[in-house]
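So you can see what is in the structure, the chains are spelled out below.
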Amino acid sequence: MFGIVRPCRHRLGEKLTAQWTAHLCGLCLALRGDHGQLARIVTNYDGLLISVLTEAQADPGGSTGRRTAGPCPLRGMRTASVAHGEGARLAAAVSLVLASAKVRDHVADGDGLLARRPVALAARRVAAGWDRAGARTGSDVGFDTAVLVDAVDRQTGIESLAGPGTPILTVTEPTETATAAAFAHTAVLAGRPRNAAPLAEAGRLFGRLAHLLDAVEDREADAVSGAWNPLTATGTSLDEARRLADDAVHGIRLALREAEFTDGGLAHRLLVHELPNSVRRAFGTPSCAHGSHPYAPPGAPGAPGGPTPPEPPRRDRRGLLAGCAVWLGLACTCQLCCGTYEDPWTRERKEGCLHNCDCDCCDCCECCNCCNCGGEDGCCSGCDCGCDC
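First, a word on what this report is: a plain description of the structure on this page. Along each chain, the written sequence defines residue order, and numbers are assigned to residues from 1. Totals for whole chains, interfaces and linings use all residues, but because this is a predicted model, local features are given only for residues with pLDDT of at least 70 and pairs of side-chain atoms are given and counted only at 80 or more. Side-chain numbers come from the whole structure's heavy atoms, not from hydrogens or water.

1. With respect to the overall build of the chain
Line of reasoning, step 1. Segments assigned H or I by DSSP are reported as helices when at least four residues long, segments assigned E as strands when at least two residues long, and all are numbered from the N terminus. The helix and strand inventory of the chain stands at 13 helices and 4 strands.
Line of reasoning, step 2. Note on contacts: a residue pair is in contact if any heavy atoms of the two residues lie within 4.5 Å. Long-range contacts, defined as pairs at least 24 residues apart, comprise 67% of the intrachain contacts of the chain with a sequence gap of at least 6.
Line of reasoning, step 3. The method behind every accessible area is Shrake-Rupley, applied with a 1.4 Å probe, and residues are considered shielded solely by the protein chains displayed. A total of about 18,700 Å² of accessible surface is found on the chain, and carbon and sulfur atoms cover 55% of it.

Below you can see the structure in the form of C-alpha coordinates.
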(Lines give C-alpha, C1' and ligand atoms only; values in the text may rest on other atoms or scores of the structure.)
Protein backbone atom coordinates (compact mmCIF):
# COMPACT_ATOMS: atom_id res chain seq x y z
CA MET A 1 0.00 0.00 0.00
CA PHE A 2 1.53 3.22 -1.18
CA GLY A 3 -0.05 5.95 0.94
CA ILE A 4 -2.55 7.21 -1.62
CA VAL A 5 -5.23 8.09 0.95
CA ARG A 6 -3.92 11.27 2.55
CA PRO A 7 -6.98 13.03 3.98
CA CYS A 8 -6.94 16.64 5.08
CA ARG A 9 -8.41 17.44 8.49
CA HIS A 10 -10.34 20.33 6.94
CA ARG A 11 -12.32 17.82 4.90
CA LEU A 12 -12.66 15.18 7.58
CA GLY A 13 -13.96 17.47 10.29
CA GLU A 14 -13.19 17.21 13.98
CA LYS A 15 -14.95 13.92 14.71
CA LEU A 16 -13.54 11.90 11.79
CA THR A 17 -10.10 13.46 12.19
CA ALA A 18 -10.02 12.21 15.78
CA GLN A 19 -11.04 8.72 14.64
CA TRP A 20 -8.48 8.71 11.82
CA THR A 21 -5.71 9.82 14.18
CA ALA A 22 -6.71 7.12 16.66
CA HIS A 23 -6.21 4.46 13.99
CA LEU A 24 -2.91 5.96 12.81
CA CYS A 25 -1.56 6.03 16.36
CA GLY A 26 -2.97 2.56 16.98
CA LEU A 27 -1.11 1.14 13.98
CA CYS A 28 2.12 2.83 15.07
CA LEU A 29 1.82 1.50 18.62
CA ALA A 30 0.86 -1.99 17.45
CA LEU A 31 4.05 -2.06 15.41
CA ARG A 32 6.10 -0.92 18.38
CA GLY A 33 4.40 -3.26 20.81
CA ASP A 34 4.91 -6.40 18.72
CA HIS A 35 8.11 -5.61 16.86
CA GLY A 36 10.06 -2.80 18.53
CA GLN A 37 10.76 0.85 17.80
CA LEU A 38 12.32 0.34 14.36
CA ALA A 39 9.13 -1.22 13.02
CA ARG A 40 7.28 2.06 13.56
CA ILE A 41 8.87 3.51 10.43
CA VAL A 42 6.57 1.36 8.27
CA THR A 43 3.48 3.17 9.61
CA ASN A 44 1.55 4.36 6.55
CA TYR A 45 -1.74 5.99 5.77
CA ASP A 46 -3.13 3.17 3.63
CA GLY A 47 -2.24 0.48 6.15
CA LEU A 48 -4.55 1.99 8.73
CA LEU A 49 -7.50 1.33 6.39
CA ILE A 50 -7.33 -2.28 7.62
CA SER A 51 -7.85 -1.10 11.19
CA VAL A 52 -10.60 1.30 10.09
CA LEU A 53 -12.52 -1.40 8.23
CA THR A 54 -12.25 -3.85 11.12
CA GLU A 55 -13.63 -1.36 13.61
CA ALA A 56 -16.34 -0.21 11.17
CA GLN A 57 -17.78 -3.74 11.08
CA ALA A 58 -17.23 -4.76 14.70
CA ASP A 59 -19.93 -4.94 17.31
CA PRO A 60 -19.43 -2.52 20.21
CA GLY A 61 -17.57 -4.20 23.03
CA GLY A 62 -15.93 -6.77 20.76
CA SER A 63 -12.24 -7.55 20.31
CA THR A 64 -11.59 -4.13 18.76
CA GLY A 65 -11.75 -0.94 20.74
CA ARG A 66 -9.79 1.96 22.15
CA ARG A 67 -7.26 2.45 24.89
CA THR A 68 -5.49 5.48 26.29
CA ALA A 69 -1.92 5.81 25.05
CA GLY A 70 0.81 7.69 26.86
CA PRO A 71 2.41 11.01 25.80
CA CYS A 72 4.02 11.11 22.35
CA PRO A 73 6.01 13.89 20.59
CA LEU A 74 3.74 13.61 17.55
CA ARG A 75 0.80 14.56 19.76
CA GLY A 76 2.61 17.38 21.57
CA MET A 77 3.41 15.04 24.47
CA ARG A 78 -0.26 14.47 25.21
CA THR A 79 -2.12 11.25 25.90
CA ALA A 80 -4.73 10.08 23.41
CA SER A 81 -7.38 7.48 22.79
CA VAL A 82 -6.00 5.07 20.16
CA ALA A 83 -7.33 2.02 18.32
CA HIS A 84 -6.12 -1.35 19.50
CA GLY A 85 -6.95 -5.00 19.08
CA GLU A 86 -6.90 -7.42 16.18
CA GLY A 87 -7.62 -4.80 13.51
CA ALA A 88 -4.57 -2.75 14.45
CA ARG A 89 -2.41 -5.88 14.61
CA LEU A 90 -3.60 -7.06 11.19
CA ALA A 91 -2.79 -3.61 9.82
CA ALA A 92 0.67 -3.91 11.38
CA ALA A 93 1.28 -7.34 9.82
CA VAL A 94 0.22 -6.17 6.36
CA SER A 95 2.29 -2.99 6.65
CA LEU A 96 5.41 -4.93 7.63
CA VAL A 97 5.20 -7.42 4.78
CA LEU A 98 4.43 -4.81 2.13
CA ALA A 99 7.12 -2.47 3.47
CA SER A 100 9.55 -5.36 3.21
CA ALA A 101 8.55 -5.76 -0.43
CA LYS A 102 9.07 -2.05 -1.02
CA VAL A 103 12.57 -2.20 0.47
CA ARG A 104 13.54 -5.18 -1.68
CA ASP A 105 12.17 -3.37 -4.73
CA HIS A 106 14.35 -0.33 -3.99
CA VAL A 107 17.36 -2.60 -3.45
CA ALA A 108 16.74 -4.30 -6.80
CA ASP A 109 16.52 -0.89 -8.50
CA GLY A 110 19.66 0.36 -6.74
CA ASP A 111 17.95 3.51 -5.53
CA GLY A 112 20.12 6.05 -3.72
CA LEU A 113 22.31 4.62 -0.98
CA LEU A 114 20.89 1.17 -1.69
CA ALA A 115 23.15 1.02 -4.73
CA ARG A 116 26.01 0.44 -2.27
CA ARG A 117 26.53 -3.21 -1.48
CA PRO A 118 26.88 -2.93 2.35
CA VAL A 119 23.76 -0.77 2.61
CA ALA A 120 21.81 -3.08 0.32
CA LEU A 121 22.85 -6.10 2.38
CA ALA A 122 21.68 -4.43 5.60
CA ALA A 123 18.41 -3.42 3.96
CA ARG A 124 17.76 -7.00 2.83
CA ARG A 125 18.29 -8.23 6.38
CA VAL A 126 15.84 -5.67 7.73
CA ALA A 127 13.31 -6.65 5.05
CA ALA A 128 13.67 -10.34 5.89
CA GLY A 129 13.10 -9.55 9.57
CA TRP A 130 9.96 -7.63 8.71
CA ASP A 131 8.69 -10.58 6.67
CA ARG A 132 9.12 -12.90 9.67
CA ALA A 133 7.60 -10.38 12.08
CA GLY A 134 4.60 -9.80 9.83
CA ALA A 135 4.06 -13.54 9.51
CA ARG A 136 4.07 -13.96 13.31
CA THR A 137 1.55 -11.19 13.89
CA GLY A 138 -0.58 -12.33 10.96
CA SER A 139 -0.67 -15.84 12.41
CA ASP A 140 -1.78 -14.45 15.76
CA VAL A 141 -4.87 -12.90 14.13
CA GLY A 142 -5.54 -15.84 11.80
CA PHE A 143 -4.15 -14.25 8.63
CA ASP A 144 -1.66 -16.12 6.45
CA THR A 145 0.77 -13.54 5.10
CA ALA A 146 2.00 -16.10 2.56
CA VAL A 147 -0.54 -14.65 0.12
CA LEU A 148 1.22 -11.30 0.40
CA VAL A 149 4.70 -12.80 0.03
CA ASP A 150 3.56 -14.84 -2.97
CA ALA A 151 2.11 -11.71 -4.58
CA VAL A 152 5.40 -9.87 -4.07
CA ASP A 153 7.40 -12.75 -5.56
CA ARG A 154 5.11 -13.00 -8.58
CA GLN A 155 5.31 -9.23 -9.10
CA THR A 156 9.02 -9.45 -9.85
CA GLY A 157 8.52 -12.16 -12.46
CA ILE A 158 5.62 -10.38 -14.12
CA GLU A 159 7.56 -7.14 -14.38
CA SER A 160 10.55 -8.90 -15.94
CA LEU A 161 8.30 -10.31 -18.70
CA ALA A 162 6.13 -7.25 -19.29
CA GLY A 163 6.67 -5.16 -22.38
CA PRO A 164 4.82 -3.03 -24.92
CA GLY A 165 1.36 -4.45 -25.40
CA THR A 166 1.21 -6.25 -22.06
CA PRO A 167 -2.11 -5.33 -20.40
CA ILE A 168 -1.43 -3.04 -17.47
CA LEU A 169 -3.88 -5.07 -15.37
CA THR A 170 -1.56 -8.05 -15.73
CA VAL A 171 1.08 -6.01 -13.90
CA THR A 172 -1.28 -4.79 -11.17
CA GLU A 173 -2.76 -8.25 -10.45
CA PRO A 174 -0.37 -9.26 -7.62
CA THR A 175 -1.06 -6.01 -5.76
CA GLU A 176 -4.79 -6.53 -6.27
CA THR A 177 -4.58 -10.06 -4.87
CA ALA A 178 -2.65 -8.94 -1.79
CA THR A 179 -4.97 -6.08 -0.86
CA ALA A 180 -8.08 -8.17 -1.57
CA ALA A 181 -6.93 -10.76 0.97
CA ALA A 182 -6.18 -8.12 3.60
CA PHE A 183 -9.51 -6.31 3.18
CA ALA A 184 -11.46 -9.58 3.24
CA HIS A 185 -9.83 -10.72 6.48
CA THR A 186 -11.23 -7.66 8.30
CA ALA A 187 -14.65 -9.28 7.88
CA VAL A 188 -13.35 -12.42 9.56
CA LEU A 189 -11.93 -10.46 12.50
CA ALA A 190 -15.16 -8.51 12.90
CA GLY A 191 -17.33 -11.65 12.79
CA ARG A 192 -19.11 -10.65 9.58
CA PRO A 193 -18.24 -13.40 7.06
CA ARG A 194 -20.82 -12.15 4.56
CA ASN A 195 -18.78 -8.99 4.15
CA ALA A 196 -15.72 -10.93 2.97
CA ALA A 197 -16.73 -11.03 -0.71
CA PRO A 198 -17.60 -7.34 -1.19
CA LEU A 199 -14.59 -6.24 0.84
CA ALA A 200 -12.34 -8.52 -1.21
CA GLU A 201 -13.64 -6.79 -4.32
CA ALA A 202 -13.09 -3.35 -2.76
CA GLY A 203 -9.58 -4.42 -1.76
CA ARG A 204 -8.80 -5.76 -5.22
CA LEU A 205 -9.78 -2.47 -6.82
CA PHE A 206 -7.97 -0.49 -4.14
CA GLY A 207 -4.78 -2.43 -4.93
CA ARG A 208 -5.25 -1.69 -8.62
CA LEU A 209 -5.77 1.99 -7.89
CA ALA A 210 -2.75 2.18 -5.57
CA HIS A 211 -0.49 0.58 -8.18
CA LEU A 212 -1.76 2.83 -10.97
CA LEU A 213 -1.45 6.06 -9.00
CA ASP A 214 2.00 5.12 -7.77
CA ALA A 215 3.04 4.55 -11.39
CA VAL A 216 1.55 7.86 -12.52
CA GLU A 217 3.22 9.83 -9.73
CA ASP A 218 6.62 8.18 -10.38
CA ARG A 219 6.45 8.25 -14.17
CA GLU A 220 8.60 11.32 -14.81
CA ALA A 221 11.13 10.54 -12.08
CA ASP A 222 11.46 6.95 -13.32
CA ALA A 223 12.08 8.21 -16.85
CA VAL A 224 14.92 10.41 -15.60
CA SER A 225 16.51 7.72 -13.45
CA GLY A 226 15.87 4.86 -15.87
CA ALA A 227 13.85 2.93 -13.27
CA TRP A 228 11.18 0.45 -14.38
CA ASN A 229 7.68 1.95 -14.58
CA PRO A 230 4.61 -0.12 -15.46
CA LEU A 231 3.01 2.56 -17.63
CA THR A 232 6.16 3.17 -19.65
CA ALA A 233 7.04 -0.52 -19.93
CA THR A 234 3.61 -1.56 -21.19
CA GLY A 235 3.00 1.53 -23.30
CA THR A 236 -0.11 2.46 -21.30
CA SER A 237 -1.20 6.06 -21.89
CA LEU A 238 -2.15 8.45 -19.12
CA ASP A 239 -5.67 8.60 -20.53
CA GLU A 240 -6.04 4.83 -20.20
CA ALA A 241 -4.56 4.90 -16.70
CA ARG A 242 -7.05 7.62 -15.73
CA ARG A 243 -9.95 5.60 -17.13
CA LEU A 244 -8.91 2.54 -15.13
CA ALA A 245 -8.41 4.63 -11.99
CA ASP A 246 -11.85 6.21 -12.26
CA ASP A 247 -13.41 2.78 -12.88
CA ALA A 248 -11.66 1.43 -9.76
CA VAL A 249 -12.99 4.31 -7.63
CA HIS A 250 -16.51 3.64 -8.92
CA GLY A 251 -16.17 -0.09 -8.29
CA ILE A 252 -15.00 0.45 -4.71
CA ARG A 253 -18.03 2.62 -4.06
CA LEU A 254 -20.37 -0.07 -5.38
CA ALA A 255 -18.62 -2.86 -3.47
CA LEU A 256 -18.88 -1.00 -0.16
CA ARG A 257 -22.65 -0.72 -0.62
CA GLU A 258 -22.84 -4.51 -0.40
CA ALA A 259 -21.09 -4.64 2.98
CA GLU A 260 -22.76 -4.15 6.35
CA PHE A 261 -21.13 -1.77 8.83
CA THR A 262 -21.84 -0.96 12.44
CA ASP A 263 -20.35 2.50 12.01
CA GLY A 264 -18.99 2.98 8.52
CA GLY A 265 -18.62 6.78 8.57
CA LEU A 266 -14.83 6.98 8.49
CA ALA A 267 -14.42 4.04 6.10
CA HIS A 268 -16.97 5.61 3.76
CA ARG A 269 -15.27 8.98 3.92
CA LEU A 270 -11.82 7.56 3.17
CA LEU A 271 -12.77 5.06 0.47
CA VAL A 272 -15.61 6.94 -1.23
CA HIS A 273 -14.89 10.64 -0.78
CA GLU A 274 -11.09 10.70 -0.47
CA LEU A 275 -10.11 8.32 -3.26
CA PRO A 276 -11.38 10.66 -6.02
CA ASN A 277 -9.17 13.35 -4.47
CA SER A 278 -6.23 10.95 -4.64
CA VAL A 279 -6.89 10.39 -8.34
CA ARG A 280 -7.15 14.12 -9.05
CA ARG A 281 -3.94 14.76 -7.11
CA ALA A 282 -2.00 12.09 -9.00
CA PHE A 283 -3.17 13.30 -12.40
CA GLY A 284 -2.77 16.97 -11.53
CA THR A 285 -6.43 17.90 -11.85
CA PRO A 286 -7.00 21.37 -10.34
CA SER A 287 -9.14 21.65 -7.24
CA CYS A 288 -9.84 24.31 -4.66
CA ALA A 289 -7.78 24.87 -1.53
CA HIS A 290 -9.35 24.96 1.91
CA GLY A 291 -7.78 28.32 2.71
CA SER A 292 -9.88 30.20 0.14
CA HIS A 293 -13.27 29.20 1.58
CA PRO A 294 -14.91 29.61 -1.85
CA TYR A 295 -18.30 28.48 -0.63
CA ALA A 296 -18.58 30.64 2.49
CA PRO A 297 -21.73 32.79 2.18
CA PRO A 298 -21.33 36.60 2.35
CA GLY A 299 -21.05 37.82 5.91
CA ALA A 300 -20.05 34.40 7.27
CA PRO A 301 -16.91 34.05 9.39
CA GLY A 302 -13.94 33.74 7.06
CA ALA A 303 -15.80 35.14 4.05
CA PRO A 304 -14.91 38.53 2.51
CA GLY A 305 -16.52 41.23 4.60
CA GLY A 306 -17.50 38.75 7.29
CA PRO A 307 -16.57 38.90 10.96
CA THR A 308 -13.15 37.74 12.05
CA PRO A 309 -13.32 34.17 13.35
CA PRO A 310 -12.92 34.00 17.13
CA GLU A 311 -9.43 33.38 18.44
CA PRO A 312 -8.88 29.89 19.87
CA PRO A 313 -8.63 29.73 23.64
CA ARG A 314 -5.13 30.44 24.93
CA ARG A 315 -3.24 27.39 26.16
CA ASP A 316 -0.81 27.31 29.02
CA ARG A 317 2.76 27.81 27.82
CA ARG A 318 5.45 25.24 28.46
CA GLY A 319 8.67 26.13 30.19
CA LEU A 320 11.92 26.48 28.28
CA LEU A 321 13.29 23.03 29.03
CA ALA A 322 9.98 21.22 28.56
CA GLY A 323 9.44 23.00 25.25
CA CYS A 324 12.95 22.10 24.10
CA ALA A 325 12.29 18.45 24.92
CA VAL A 326 9.06 18.46 22.88
CA TRP A 327 10.80 20.27 19.98
CA LEU A 328 13.54 17.64 19.97
CA GLY A 329 10.93 14.89 19.74
CA LEU A 330 9.17 16.65 16.86
CA ALA A 331 12.45 17.26 15.06
CA CYS A 332 13.15 13.53 15.05
CA THR A 333 9.97 12.93 13.05
CA CYS A 334 8.41 14.33 9.89
CA GLN A 335 5.77 16.17 11.89
CA LEU A 336 7.44 19.59 11.64
CA CYS A 337 7.55 19.25 7.86
CA CYS A 338 4.32 17.64 6.78
CA GLY A 339 2.05 17.22 9.78
CA THR A 340 -0.11 19.16 12.18
CA TYR A 341 1.43 19.83 15.57
CA GLU A 342 1.34 22.02 18.66
CA ASP A 343 4.02 24.64 19.09
CA PRO A 344 6.42 23.16 21.67
CA TRP A 345 6.24 26.29 23.86
CA THR A 346 2.96 28.15 23.16
CA ARG A 347 0.87 25.01 22.37
CA GLU A 348 -0.66 26.84 19.40
CA ARG A 349 -1.90 24.59 16.61
CA LYS A 350 0.39 24.84 13.57
CA GLU A 351 0.79 23.25 10.17
CA GLY A 352 4.06 21.74 8.96
CA CYS A 353 6.14 23.72 6.50
CA LEU A 354 5.06 21.46 3.61
CA HIS A 355 1.40 21.59 4.62
CA ASN A 356 0.47 24.56 2.43
CA CYS A 357 -2.23 22.47 1.11
CA ASP A 358 -1.45 20.28 -1.85
CA CYS A 359 -4.24 18.00 -0.73
CA ASP A 360 -6.82 19.45 -3.13
CA CYS A 361 -9.24 20.21 -0.34
CA CYS A 362 -12.87 20.74 -1.12
CA ASP A 363 -15.94 20.88 0.98
CA CYS A 364 -18.42 18.04 1.14
CA CYS A 365 -20.78 19.50 -1.43
CA GLU A 366 -18.04 19.98 -4.03
CA CYS A 367 -16.78 16.47 -3.37
CA CYS A 368 -20.21 15.09 -4.08
CA ASN A 369 -20.65 17.25 -7.17
CA CYS A 370 -17.52 15.83 -8.69
CA CYS A 371 -18.91 12.32 -8.63
CA ASN A 372 -22.50 13.13 -9.56
CA CYS A 373 -23.99 12.98 -6.10
CA GLY A 374 -27.52 13.25 -7.33
CA GLY A 375 -27.30 10.42 -9.82
CA GLU A 376 -28.22 6.81 -9.25
CA ASP A 377 -24.62 5.85 -8.67
CA GLY A 378 -23.53 9.06 -6.98
CA CYS A 379 -21.20 8.87 -4.02
CA CYS A 380 -23.90 9.93 -1.59
CA SER A 381 -26.52 7.48 -2.78
CA GLY A 382 -27.25 5.62 0.42
CA CYS A 383 -24.53 7.68 2.09
CA ASP A 384 -24.24 7.19 5.84
CA CYS A 385 -21.26 9.48 6.42
CA GLY A 386 -23.34 12.34 7.76
CA CYS A 387 -23.00 14.78 4.87
CA ASP A 388 -26.24 16.42 3.87
CA CYS A 389 -25.25 17.79 0.47
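2. Observations regarding the side chain of serine 100
Line of reasoning, step 1. Relative to the elements of secondary structure, serine 100 occurs in helix α3 (residues 86-109).
Line of reasoning, step 2. N or O atoms closer than or at 3.5 Å make up a polar contact, with two conditions inside protein: a donor-capable atom paired with an acceptor-capable one, and, for residues adjacent in sequence, both atoms drawn from side chains. For serine 100, the side chain forms a polar contact with the main-chain oxygen of alanine 127, separated by 2.8 Å.
Line of reasoning, step 3. Setting aside its immediate chain neighbours within four residues, serine 100 contacts Ala127, Ala128, Trp130 and Asp131.

3. With respect to the side chain of serine 51
Line of reasoning, step 1. With respect to the element layout, serine 51 can be found in helix α2 (residues 48-57).
Line of reasoning, step 2. Relative accessible area serves as the criterion here: at 3%, serine 51 is assigned to the buried category.
Line of reasoning, step 3. Among the polar contacts listed, one links the side chain of serine 51 to the side chain of histidine 23, at a separation of 2.7 Å.
Line of reasoning, step 4. With near-sequence residues (within four places) excluded, serine 51 lies in contact with His23, Ala83, Gly87, Ala88 and Ala91. Each residue gets one of three labels from its accessible area relative to the maximum for its type: buried under 20%, exposed over 50%, partly exposed in between, using a 1.4 Å probe on protein chains only.

4. Focus on the packing of aromatic side chains
Line of reasoning, step 1. Centre distance within 6.5 Å is the pairing criterion for rings of Phe, Tyr and Trp, where only the six-membered ring of Trp is used; planes under 30 degrees apart are then read as stacked, over 60 as edge-to-face, and the remainder as tilted. Under the criterion given, the structure shown has 2 aromatic pairs.
Line of reasoning, step 2. For the ring pair tryptophan 20 and tyrosine 45, a centre distance of 5.1 Å and an interplane angle of 65 degrees mean the geometry is edge-to-face. You can see tryptophan 20 sitting in helix α1 (residues 9-35) and its partner tyrosine 45 sitting in the loop between α1 and α2, a full 25 residues away along the chain.
Line of reasoning, step 3. What makes tyrosine 45 partly exposed here is its relative accessible area of 32%.

5. What to know about a nonpolar patch on the surface
Line of reasoning, step 1. A surface patch of nonpolar side chains, amounting to about 270 Å² of accessible area, comprises Leu38, Ile41 and Val126.
Line of reasoning, step 2. Looking at the element boundaries, valine 126 is found in helix α4 (residues 117-140). What goes into a patch is any residue over 30% in relative accessible area without a salt bridge, connected to like charges within 9 Å or, for nonpolar side chains (Val, Leu, Ile, Met, Phe, Trp, Tyr), within 5 Å. A carboxyl oxygen of Asp or Glu within 4 Å of a side-chain nitrogen of Lys or Arg is what we treat as a salt bridge.

6. Description of the pattern of salt bridges
Line of reasoning, step 1. Scanning the model with the defined rule gives 17 salt bridges in all.
Line of reasoning, step 2. As a salt-bridge pair, arginine 11 and glutamate 274 come within 2.6 Å of each other at their nearest N and O atoms. Of the two residues, arginine 11 is situated in helix α1 and glutamate 274 in helix α10 (residues 265-283); the sequence distance between them amounts to 263 residues. In this structure, arginine 11 and glutamate 274 share a single accessibility class: buried.
Line of reasoning, step 3. Close ionic contact of arginine 66 with glutamate 55 constitutes a salt bridge, the shortest N to O distance being 2.8 Å. One end of the pair, arginine 66, is in strand β1 (residues 65-72); the other, glutamate 55, is in helix α2, with 11 residues separating them in the sequence.
Line of reasoning, step 4. Overlapping salt bridges bring together Glu176, Glu201, Arg204 and Arg208 as one network.

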